Amino acid sequence: DIVMTQAPLSVSVTPGESASISCRSSKSLLHSNGITYVYWYLQKPGKSPQLLIYRMSNLASGVPDRFSGSGSETDFTLKISRVEAEDVGIYYCGQLLENPLTFGSGTKLEIK
Amino acid sequence: QVKLLQSGAELVKPGASVKLSCKTSGFTFSTSYMSWLKQVPGPSIEWIGWIYAGDGGTNYNQKFKGKATLTVDKSSSTAYMDLSSLTSEDAAVYFCARINNYGFDYWGQGVMVTVSS
């Protein structure tokens, strides 16, 4: 199975500042078709996860452009610019390259 | 507007089975892939499997083979998951979600399954 390792476990951010969350995969997520199959989700308190970023760097519909994704074949970063109170929750990375589909253990974002 | 509405919380006895439902609307169900996921406090998310609503074809996480069975009813645009021989390890929140190349792009609200005698 592909293991997704996230860091840090939690991050506390002042509103208006930026935050970065890292995710590392145990295997390259770059497919031969040129697509990198890493995704980012946010689970707000008491809610279902919601898709933020697909295929490493593409913003999902309705997601503010304060969110961005980047990375290489095995190392990925979610950046949140100008953090707002509504951004609190647990962020997960996940991979869709191969079965079983797997997720990181999550990074909790809190507001200072 | 896409909606995935899951059935209510379940309290089941050890050894019993439970069938969870996920009624969808707002998209073409018959050409969609539907997935089920498990979340336990920790937190962590595990993918259980997916089913193609068009022909009922399935793909399971090996870990959940024999535990979960995915089915669909195209006439009602509803996805189902049967969980069998429940133990305390199956107590969790279960989500249905639509899956495609864009990821798990729409999720149900989740249903809590409690296993207790």
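Refer to the preceding data block for the structure.
Residues numbered from 1 in each chain as written. Chains lettered and ligands numbered in written order. Predicted model: local features only at pLDDT ≥ 70, side-chain atom pairs only at ≥ 80, totals over all residues. Heavy atoms only, no water.

Concerning the sheet that holds strand β8 (residues 78–83) of chain B
Residues and elements named next belong to chain B. Stated formally: Following DSSP output, two strands are said to pair if at least two bridges run between them. Helical segments are the DSSP runs of H or I of at least four residues, strand segments are the runs of E of at least two, and each set is numbered from the N terminus. The axes used here are C-alpha line fits, helices contributing only the stretch in contact, and every angle between their N-to-C directions lies in the interval 0 to 180 degrees.
Pairing is antiparallel across the open sheet formed by 4 strands, whose spatial order is β1-β3-β8-β7. At either end of the open sheet lies a strand with only one pairing partner, and these are β1 (3–6) and β7 (68–73). Averaged over all neighbouring strand pairs, the angle between strand axes comes to 20°, with direction disregarded.

Some words on the interface of chain A and chain B
Heads up, the rule is: By definition in these notes, contact holds between two residues if any of their heavy atoms fall within 4.5 Å. Two parts placed together each lose some accessible area under a 1.4 Å probe, and the buried area is that loss summed for both. For this document, the term salt bridge refers to a Lys or Arg side-chain nitrogen within 4 Å of an Asp or Glu carboxyl oxygen. N or O atoms closer than or at 3.5 Å make up a polar contact, with two conditions inside protein: a donor-capable atom paired with an acceptor-capable one, and, for residues adjacent in sequence, both atoms drawn from side chains. Amino acids outside the nonpolar list (Ala, Val, Leu, Ile, Met, Phe, Trp, Tyr, Cys, Pro) and the charged list (Asp, Glu, Lys, Arg) are all regarded as polar, and Gly is one of them.
Counting from both sides, the interface comprises 17 residues of chain A and, opposite them, 21 residues of chain B. Between chain A and chain B, roughly 1600 Å² of surface is buried when both sides are summed, and carbon and sulfur atoms account for 61% of that area. In this assembly, chain A and chain B are joined by 0 salt bridges. Inspection of the chain A/chain B interface yields 7 residue pairs in polar contact (both at pLDDT 80 or more). Within the residue set of the side of chain A that touches chain B, elements represented by two or more residues are β4 (38–43), β5 (49–54) and β9 (89–95) of chain A. Per-class residue counts for the side of chain A that touches chain B are 12 nonpolar, 4 polar and 1 charged.

Some details on the environment of Thr-24 of chain B
Residue and element names in this part refer to chain B. Formally: Partly exposed residues are those whose accessible area sits between 20% and 50% of the maximum for their type, while under 20% is buried and over 50% is exposed, using a 1.4 Å probe and protein chains only.
Within the element layout of this structure, Thr-24 appears in strand β3 (residues 18–25). Using a relative accessible area of 4% as the deciding quantity, one classes Thr-24 as buried. Measuring from C-alpha to C-alpha, the distance between Thr-24 and Met-34 comes to 10.0 Å, with 10 residues separating the pair along the chain. For Thr-24, the contacting residues outside a window of four places in its chain are Lys-3, Leu-4, Phe-29, Met-34 and Ser-77. Side-chain polar atoms of Thr-24 contact the backbone oxygen of Ser-77, separated by 2.8 Å.

Remarks on the pairing of β8 of chain B
Residue and element names in this part refer to chain B. Pairing of β3 with β8, which is carried by 6 bridges, proceeds in the antiparallel orientation. In the strand pairing of β8, Val-18 is matched with Leu-83. Relative to β8, β7 runs antiparallel, the two being bridged by 6 bridges. Note on β8: the bridge partner recorded for Thr-71 is Tyr-80. Hairpin remark: β7 followed by β8, antiparallel, with 4 residues in the connecting loop; positive phi at Ser-77, about 55°.

Overview of the sheet that holds strand β1 (residues 4–7) of chain A
Adjacent strands of a sheet pair through backbone hydrogen bonds, lying either parallel or antiparallel. Residues and elements named next belong to chain A. With antiparallel pairing, 4 strands are arranged side by side in an open sheet as β1-β3-β8-β7. The sheet terminates laterally at β1 and β7 (67–71), the two strands that pair on one side only. With strand direction ignored, the average angle separating the axes of adjacent strands in the sheet is 20°. Bridge count for strand β3 (residues 19–25) against strand β8 (residues 75–80) is 6 bridges, and the pairing is antiparallel. Within β8, the position partnered with Ala-19 by the bridge is Ile-80.

Observations concerning the packing of aromatic side chains
The line we're drawing: Side-chain rings of Phe, Tyr and Trp, where Trp is taken by its six-membered ring, are said to pair if the distance between their centres is within 6.5 Å; with planes under 30 degrees apart they count as stacked, over 60 as edge-to-face, and otherwise as tilted. The rule is short: NZ of Lys or CZ of Arg within 6 Å of the ring centre and within 35 degrees of the ring normal puts a charge over the ring.
Using the criterion set out here, one finds 10 aromatic pairs over all chains in the structure. Ring geometry for Tyr-41 of chain A and Phe-104 of chain B: centres 6.2 Å apart, planes at 50°, overall tilted. In this pair, Tyr-41 of chain A is assigned in strand β4 and Phe-104 of chain B in strand β10 (residues 103–107), connecting two distinct chains. Taking relative accessible area as the criterion, Tyr-41 of chain A reaches 1% and is therefore assigned buried. Each member of the aromatic cluster is reached from another via a ring pair, and the members are Tyr-41 and Phe-103 of chain A together with Phe-95, Phe-104 and Trp-107 of chain B. Over the ring of Tyr-102 of chain B we find Arg-55 of chain A; its NZ or CZ atom is 5.2 Å from the centre of that ring. Note that Lys-19 of chain B overlies the ring of Tyr-80 of chain B, its terminal NZ or CZ placed 4.8 Å from the centroid.

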